[in-house]
Structure formats: structure tokens, C-alpha cells
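Analysis of the macromolecular model
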Amino acid sequence: MKYRILTAFTLLFLLVTGCEKSIATDEDGTSGGDTPTAGISDADKQNALTISQAWEVADGTVVCVKGYLVASTQRSIQNAIFSAPFEGTTAIVLAEEPIKGSDYLIDYDDLFPVCLTDASKGIRNNFNLVDHPEYWNHMVYIIGTRADYLSMAGLKKVTAIEVGEAYQAEEPDTPETPDDPVTPNPEPEPDDPVTPDNPNTPDDPVTPDNPTPTSDVLTVAQAKLVSNYQTITVEGYIVGAAYDDGIQITKYFSSPFTSKSSILLADKPIDINKTPEEQFDLQSFSDIFPVCLTGNKKIQDVLNLKEHPNNQNIRVQIKGVKQDYLCTKGMKDVESYKIISQEP
């Protein structure tokens, strides 16, 4: 009898002391600390894929991806919020590069959304930007399953996230003041080079005699004058869509849009209080620039007006090959795009 009592006390002592050595956890099962982690090894981090590498991985593959945490979003990549206050706890967005300044241009085609709704327990609460805006612009490592998400390559079924260091902007060098500063020349001679004090010399405009512009980004009017089969970047407003059924070209300037195959760009947004005929030359397309989307599914899924009628009147830059399209001067073989503004 004494032996049994001694054995019982011994077991009780071992259980109590064993519990004192366990690691404290939060209510959701994650370990405490200022920067939560979820068990990503150094080997996983060293072998982590960049976002561009993760795009090429087959769906269903479990991978460790690294990138900068730049935005939160919900329901659509176009709803992404790139600065506080953030909205949406269902997804975070990674990018290869951090956000650099308030005027940093976002190329939506370079983003990598990560679903948090089907993540392991505690991850959504610990890593969404609404509750943790301090993680914005930090390098993160994420283990999950490569899958299409929000109509583009991304991650689902996340099992682990670790937050790394924040992006540190480089401080600009302080220019040295020369002992003999250069005195501006307010009245330049004809042979003088163009300077900020001599702004009257025009830039290199696009004209029929000068079809190759020097500017990197063209207006619609400039793009129409460029010779065919040159790769250009054109900036304009998405004002409508068009469809060619082989018999006639149908143009759409209001919802519902029935075609995903193209968008129409113009140098000015469409005025809903005026008819399209009052604003554009619809016979010759002289002030409209059609862009074929069928050659790039990623871009088509994001920019087409059939699925995203709210894209009308947003301002975009699109890079592609200048070619005749829909019986006028336009663009095919689209390579990339940037949304410049969602306000006309």
C-alpha cells in the first residue's frame, strides 16, 4: 500500500515539473512575442522562392515564398490598400520590391496575393495588416500551397509565416556646395543648351515627320503616330470596350460590357453626361486607341470591363506592340500594365 502511494506522488511530481517547462502560447495556439513566427527553419528561409520564381511553380505545390508585405486586400486585387489605414483581414499582398515613397507606381501584375481565410490556426489574427500595420513593408517568409487566387498566382492554405526586417529607405546624399557655384544664364544665346532657365525650347514632340518619340510614356495621340511593330508604353483612360464579330465592330461605352477581348483608351475620361458621339470620333477612331487583351490572360483578367465595369475611367499605362487593331491604330501583344489613378 505504501509503495502505491509513493508511486502516485512520484507521477504527480513529474507531471507538475514537466508542465513548468512548456512554452507559453496565446489563446489561438501561437507562441507569444513581439514578432510572431510559425516555425520556419533557417533552411526554408535560405531556399525560399522569390515571387517571380513562385509564379512558375505548378499549382498544388507546397513552397516557401519570400517577399515584401505591401498591402491588404479582399475580394479583388484591385481593392488592394497600399498604405495605412488598411482594410480587409482575408488576404495580404506580397511584392518583389518594397513600396518606395508615396508616388511609387504599382504594377499589379507583379503582385502575389496570400489567402488568410484557410490558413492554420492563429495566422490570420497574427499577420493581417488591419490588426498589425507595423508589418507593412517588412520582408516576410510564408509557407503555403501555390494556387491561383484573386485571378492570379498566389498562395493558399498557409501553414507558417515569419516576419523579417523592415525596408529601410536610403538617405539621399547631401550634395556638396561648390566654392564657385554655377551662375544661371537667364538669357541663353541660341547655341546655349536647354537649361531650366531656358524652358522655351520644346521637347521632342511626336509628329508625322518625327514618328519615334523620345519619351518613355506616350499619350494616345502620340502613340497613334508611332510606326507599327514598335514596343511602346501608352497612358490613357479606359473609356470602353469593342468587339469584332467579323462583320462589324461594336463599341461599348457603358455597362453591361459584353466583351473581354479589348479595351479602348483615350486621352480624356468619358463624361457620363454626354453621349460617346459628342466626345469621340467613333467613325475613324482617331482619338481612341484599342488594346487587344487576348494575348495575355493575366492582364485580361484584371483590366477587362465585362468582369470589372468599375475599371471604366481609370487611368493606366500599358506596354505592348503598336499594331493595327480593329481597323485602326492600336496595340497587341500586351506585356505589362500599371494603374496610375482610379479617379478621373
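Attention in this report is confined to the structure presented alongside it.

Each value, and the rule that gives it
Residues numbered from 1 in each chain as written. Predicted model: local features only at pLDDT ≥ 70, side-chain atom pairs only at ≥ 80, totals over all residues. Heavy atoms only, no water. Helix = DSSP H or I, 4+ residues; strand = E, 2+ residues; numbered from the N terminus. Buried < 20%, exposed > 50% of the residue type's maximum accessible area, 1.4 Å probe, protein only. Contact = heavy atoms within 4.5 Å. Phe/Tyr/Trp six-rings, centres within 6.5 Å; stacked < 30°, edge-to-face > 60°. Salt bridge = Lys/Arg side-chain N within 4 Å of Asp/Glu carboxyl O. Pairing = 2+ DSSP bridges.

Secondary structure assignment for the chain yields seven helices and 12 strands. Put simply, the chain has 344 residues, and 42% of those count as buried. Taking the contacts inside the chain whose residues are at least 6 apart along the sequence as the reference set, 62% of them involve residues at least 24 apart.

Another aspect to go through is the packing of aromatic side chains. Counted by the stated rule, this structure contains four aromatic pairs. Ring plane angle 35° and centroid distance 6.4 Å describe the contact between Phe127 and Tyr135, whose orientation is recorded as tilted. Both residues of the pair, Phe127 and Tyr135, belong to the buried class. Relative to Phe280, the ring of Phe253 has its centre 6.1 Å away and its plane inclined at 20°; by these criteria the two rings are stacked. Within this pair, whereas Phe253 is found in the loop between strand S8 (249-252) and strand S9 (262-266), its partner Phe280 is found in the loop between helix H6 (276-279) and strand S10 (289-292), the two being separated by 27 residues in sequence.

Another point: the pattern of salt bridges. A complete count under the given rule lists nine salt bridges for this structure. With a shortest N-O distance of 3.7 Å, Asp148 and Arg146 are connected by a salt bridge. Given a relative accessible area of 48%, Asp148 falls into the partly exposed group. Residue Arg146 is classed as buried on the basis of its relative accessible area of 6%. Across the pair Lys260 and Glu307 runs a salt bridge, and its minimum N-O distance is 3.5 Å. With a gap of 47 residues between them, Lys260 in the loop between S8 and S9 and Glu307 in the loop between helix H7 (297-303) and strand S11 (315-325) connect regions that are remote in the sequence. Taking relative accessible area as the criterion, Lys260 reaches 26% and is therefore assigned partly exposed.

Another aspect to go through is the environment of Ala71. Turning to its location among the elements, Ala71 is positioned in strand S1 (residues 62-74). Note: C-alpha distance between Ala71 and Leu94 (23 residues apart in sequence) is 7.1 Å. Setting aside chain neighbours within four positions, we find Ala71 in contact with Ala80, Ile81, Phe82, Phe86, Ile92, Val93, Leu129 and Trp136.

Neither face of strand S4 (residues 112-115) is open: one carries Phe112 and Val114, the other Pro113 and Cys115, and all of them are buried. In this structure, strand S3 (residues 91-95) lies alongside S4, joined through four bridges in antiparallel fashion. Of the residues in S4, the one forming a bridge with Ile92 is Val114.

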